[in-house]
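If you want the building blocks of each chain, they are given just below.
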Amino acid sequence: MKAKTFFIETHGCQMNEHDSEKIAGLLVHRGMTPVHSLDEADLYLLNTCSVREKAAQRVYSRLGEVRRRKREKADFLIGVVGCVAQQESREMIRRAPYVDLVVGTHLYHSIPDLLDGIESNPAGSQRVATQFLKDSAPVEVGAALRGSGIRAHVTIMEGCNKRCAFCVVPFTRGAERNRPRSAIFEDVRRAIDQGYVEVLLLGQTVNSYRDPGKAGYRFAHLLADVAREKALRRIRFTSPHPRHFDDELIESIASRENICNQVHLPLQSGSNRILRKMRRQHDREWFLELVEKFRSCGRPIALSTDMIVGFPGESEDDFQQTLKVVRMVRFESMFSFKYSVRPNTEAAAWRDDVPEPEKTSRLMILQRLQREIQLQIHRESYLGKTFEILTEGTSRDGVLRFGRTTTNKVVNFPGNPQPGTFVDILIEEAGPNSFRGRPRSNVSKPEPSTEALSGALEKGVLNGTGI
């Protein structure tokens, strides 16, 4: 029987979320229907992330849970896509022989053909497609089935040419591949036609973008050109590398109001010795100079970062240097992690010599400091002031609404504005992670079209859960 319905469960970053949107679009074009749950589906796809600790172990555990559905429905198909699929390849079929389909990060466009092959020869016809393509640009699909009626994801590049000692991304996503700017603008204008007022430009090292067809056309130029689309009220991008922020790019961000005034600067450590071991291509002093450029660019920019504690060889002094830099910069938000080994990386061959209890202690100290800083910033810079909020939906309590500032802060507030509505909110309560306020104005502004808001279904179909 040909699979008629599908359910995609997504783990990981915004790139994975958008990959799921692309896959969903391909499956709908094939004639399949998205559904809200595993139990309704003929095909289950698990879109995986390998960045966090024990990623493969978690995937196999989840597949073991899903296997029950295959026992109940003999023609039920299980597929795994994404970074863990790329990393495990045929080993996944060996460890989980009930899996029908394993597809790596370069070959999502082949999923319909692979399904046709399985269904035309169902006896022992597992499919594994994890080779890297040599194309200079990512293979894109037609219209994606977007999972949000608010924010349109647009891929501009994929892969990474860095070789940070801790990072698995070059091994799961491959080398950098840039899309032509003409293809990017087709996606941007399609999103505008669908009523989107915010776009998120995506890439593993997004600000290293170079147009493959026009020499000298870089990310600063692309960002400035996208910002000229006046229908776009907000433009975001992720995930950048500090080394690819130059003066021209900072000027592009500073001089255009519809480019959101929030920038992610992944530091990873405040110790120069550890940064060298990590192969980060910058030291603490250079990073602090970059921070100062953003601080003095003429526009308030909220800076966020990533930090790793317990990297091999990290001493107490190294960790204290990290805390010192955090106090100096005062990041507005931070993603912080304990170091854990990733397969194929340079650091995987090194002795993981920081004891686990010490890693945990350092992480707690770092997170406590960051929480204090965030609370101070929120009380000093946000409390009692009015901000324009783009409404995204209903808050966790099921009563209030929530949306975000241009600095990517979550604000909860009463009222009933529809998703996509801009509302001016007076901040009355400030916590370390979010705010609560009340509307100063309920004047509606441009909202996504009916076509864009049809993405409501994808909230169940493209079930995003972070690992």
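That block above? That's the structure.
Residues numbered from 1 in each chain as written. Predicted model: local features only at pLDDT ≥ 70, side-chain atom pairs only at ≥ 80, totals over all residues. Heavy atoms only, no water.

Colleague: In this structure, what is going on with the pairing of strand S1 (residues 5-10)? I would like to understand it.
Modeller: For a regular strand, the rule is simple: side chains alternate between the two faces of the sheet. The buried count for S1 comes to six of six residues, which makes it a mostly enclosed element. With burial as the criterion, each face of S1 is covered, one bearing Thr-5, Phe-7 and Glu-9 and the other bearing Phe-6, Ile-8 and Thr-10. Pairing geometry for S1 and strand S3 (residues 43-48), over five bridges, is parallel. Each residue of the ladder has a partner; that of Phe-7, found in S3, is Tyr-44. (Buried < 20%, exposed > 50% of the residue type's maximum accessible area, 1.4 Å probe, protein only. Helix = DSSP H or I, 4+ residues; strand = E, 2+ residues; numbered from the N terminus. Pairing = 2+ DSSP bridges.)

Colleague: Would you explain the packing of aromatic side chains in this entry?
Modeller: Two aromatic rings are characterised by how far apart their centres lie and by the angle between their planes. On inspection of all chains with the given rule, the structure shows 10 aromatic pairs. A centroid spacing of 5.2 Å and a plane angle of 70° characterise the contact between Phe-219 and Phe-237, whose relative ring orientation is edge-to-face. Linking Phe-219 in helix H8 (residues 219-227) with Phe-237 in strand S11 (residues 234-238), this pair joins segments that are 18 residues apart in sequence. By the burial criterion, Phe-219 is buried, and Phe-237 matches it. With centroids separated by 6.0 Å and ring planes inclined at 85°, the aromatic side chains of Phe-311 and Trp-350 adopt a geometry described as edge-to-face. In this pair, Phe-311 is assigned in the loop between strand S13 (302-309) and helix H12 (316-329) and Trp-350 in the loop between strand S14 (333-338) and helix H13 (356-381), connecting sequence segments 39 residues apart. Classification of Trp-350 as partly exposed rests on a relative accessible area of 26%. The ring of Phe-76 carries Arg-69 above its face, with NZ or CZ at 5.4 Å from the centroid. Just above the ring of Phe-171 sits the side chain of Arg-163; from NZ or CZ to the centre is 5.5 Å. (Phe/Tyr/Trp six-rings, centres within 6.5 Å; stacked < 30°, edge-to-face > 60°. Lys NZ or Arg CZ within 6 Å of the ring centre and 35° of its normal.)

Colleague: What should I look at first to understand the packing of helix H11 (residues 284-295) against H12 in this one?
Modeller: For any two helices packed against each other, one specifies the crossing angle of their axes together with the interaxial distance. Between H11 and H12, the least distance of the axes is 11 Å, while the angle of their chain directions is 15°. In terms of axis orientation, H11 runs roughly parallel to H12. Regarding H11 and H12, the two cross each other, and that crossing is right-handed. When H11 is examined against H12, the residues Arg-284, Leu-288, Val-291 and Arg-295 are found in contact with a partner set consisting of Gln-321, Val-325, Met-328 and Val-329. Here the contact of H11 with H12 is composed, by residue class, of five nonpolar, one polar and two charged. (Axes fitted to C-alpha atoms, helices over the stretch in contact; angles between N-to-C directions. Parallel < 35°, antiparallel > 145°, perpendicular 65-115°, else oblique. Left-handed = near helix turned anticlockwise from the far one by under 90°. Contact = heavy atoms within 4.5 Å. Nonpolar A, V, L, I, M, F, W, Y, C, P; charged D, E, K, R; others polar.)

Colleague: I'm lost on helix H5 (residues 111-120) in this one. Help?
Modeller: An α-helical turn contains 3.6 residues, so a residue and the one three or four places further along point in the same direction. Listing the buried residues of H5 in full gives Ile-111, Pro-112, Leu-114, Leu-115, Gly-117 and Ile-118. Where H5 is buried, its residues touch helix H1 (14-29), S3, strand S4 (77-82), strand S5 (101-103) and strand S6 (127-129).

Colleague: Any chance you could explain the packing of helix H7 (residues 181-193) against H8 here in plain terms?
Modeller: As a packed pair, H7 and H8 sit with axes 12 Å apart at the nearest point and diverge in direction by 30°. As summarised for this structure, H7 and H8 are arranged roughly parallel, according to the angle between their axes. The chirality of how H7 crosses H8 is right-handed. From H7, Arg-181, Ile-184 and Phe-185 reach across to H8, where they touch Leu-222, Asp-225 and Val-226.

Colleague: What should I look at first to understand the environment of Pro-357 in this one?
Modeller: Tracing the backbone through its elements, the reader meets Pro-357 in helix H13. Sequence spacing of Pro-357 and Gly-310 is 47 residues, and the spatial spacing of their C-alpha atoms is 10.0 Å.

Colleague: In this structure, what is going on with unusual backbone geometry? I would like to understand it.
Modeller: The general pattern is negative phi for most residues beyond glycine and trans for most peptide bonds. In this chain, Thr-238 is followed by Ser-239 through a cis amide linkage whose omega measures 5°. If you trace the backbone, Ser-239 turns up in the loop between S11 and helix H9 (247-255). With a phi angle near 80°, Gln-268 is a residue other than glycine that sits in the positive phi range. Within the element layout of this structure, Gln-268 appears in the loop between strand S12 (262-264) and helix H10 (272-278). We classify Gln-268 as buried; its relative accessible area is 7%. We note that Arg-279 has phi near 60°; this positive angle belongs to a residue other than glycine. For Arg-279, the position within the fold is in the loop between H10 and H11.

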